[in-house]
Amino acid sequence: SRRQGGGRPDGCVAIAMSLVHEVVGKAVPSGWRHGAEYRSEESSVFRIGELVLVRRSDGTMAFAVVVRVREDGRYDVAVDNASPKPHEKTKCEARVLGKVAPHAASEVLGQAGGDEEGALCLRLVEEVEGRRRLAERAVAGVVREIEEVKRQME
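Just so we're clear, the structure is a prediction, and the values are computed from it rather than from any experiment.

**Q** Sorry, what's going on with the sheet that holds strand β1 (residues 38-39) here?
**A** The strands that make up a sheet are held in pairs by hydrogen bonds between backbone atoms, and each pair lies either parallel or antiparallel. Pairing is antiparallel in the open sheet, where six strands are placed in the order β1-β6-β2-β3-β4-β5. Sheet topology places β1 and β5 (88-92) at the edges, where each strand pairs with a single neighbour. Across two bridges, β1 lies against strand β6 (residues 97-100) in antiparallel orientation. Pairing of R39 across the sheet is with K99, part of β6.

If you want it as structure tokens, here you go:
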């Protein structure tokens, strides 16, 4: 059941992931626009389990989830929830995937969850993710400063 362990942080992650899998394969809302609800850029970085957008062969956009990060920087994504094994698009470059904005992900996943516990877990996961992004930027800034000091010392 999706509810198992919902009171624990790891249970909230499990609930959030089950919500992600509920929307995989569904069409992206027609009102979504590049730069507002999502963006596609060569420099985007994705994680396993992240909700992304992928273009279907008919040209429409659908939700997918990252299932593998390859050593060469490309990604494999599940494009549906077929059982026992989902269909995948493999070796996708970052520029062909859409990075979903946090507010848009919360909206679509909240609609999939439709209850207070799911919404609470999504907010918790979103806050943790926001803090992780801030920490990554801070670390990157420190690394740049260290590299600059090294250059000045040479």
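**Q** Is there a simple way to explain the environment of G98 in this structure?
**A** Of note, G98 is situated in strand β6. Of the residues examined, G98 reaches a relative accessible area of 0% and is grouped as buried. Placed 37 residues apart in sequence, G98 and M61 show a C-alpha to C-alpha distance of 9.1 Å. With sequence-adjacent residues up to four places away left out, G98 is seen in contact with Y38, R39, S40, F46, V52 and L53.

**Q** Could you clarify how one ought to interpret the pattern of salt bridges in this entry?
**A** According to the stated counting rule, one finds nine salt bridges in the structure shown. In this structure, R70 engages D76 in a salt bridge whose closest nitrogen and oxygen atoms are separated by 2.8 Å. Take R70: its relative accessible area is 18%, and that puts it in the buried class. Where E148 meets R151, a salt bridge forms, and the shortest distance between an N and an O atom there is 2.9 Å. One end of the pair is E148 and the other is R151, both in helix α3 (residues 116-153) and three residues apart, which spans about a single turn. On the accessibility criterion, E148 (34% relative accessible area) is partly exposed. Residue R151 is classed as partly exposed on the basis of its relative accessible area of 49%.

**Q** Even after reading the chapter, I still don't get the pairing of strand β4 (residues 75-78), so can you show me in this structure?
**A** The alternating pattern of β4 places Y75 and V77 on one face and D76 and A78 on the opposite face, and all of these are buried. Where strand β3 (residues 61-69) lies against β4, four bridges are found, and the strand directions are antiparallel. By the bridge assignment for β4, V66 is matched with V77. Here β3 hands over to β4 after five residues, with G73 in that stretch at a positive phi of 90 degrees. The pairing of β4 with β5 spans three bridges and is classified as antiparallel.

**Q** I'm lost on the side chain of E50 in this one. Help?
**A** Checked against the element boundaries, E50 lands in the loop between β1 and β2 (51-55). Polar side-chain contacts of E50 include one of 3.0 Å to the backbone nitrogen of R47. In this structure, E50 is in contact with V45, A64, V65, V66 and K99, ignoring residues within four places of it in sequence.

Definitions and cut-offs
Residues numbered from 1 in each chain as written. Predicted model: local features only at pLDDT ≥ 70, side-chain atom pairs only at ≥ 80, totals over all residues. Heavy atoms only, no water. Pairing = 2+ DSSP bridges. Helix = DSSP H or I, 4+ residues; strand = E, 2+ residues; numbered from the N terminus. Buried < 20%, exposed > 50% of the residue type's maximum accessible area, 1.4 Å probe, protein only. Contact = heavy atoms within 4.5 Å. Salt bridge = Lys/Arg side-chain N within 4 Å of Asp/Glu carboxyl O. Polar contact = N/O pair within 3.5 Å; in protein donor to acceptor, adjacent residues only side chain to side chain.

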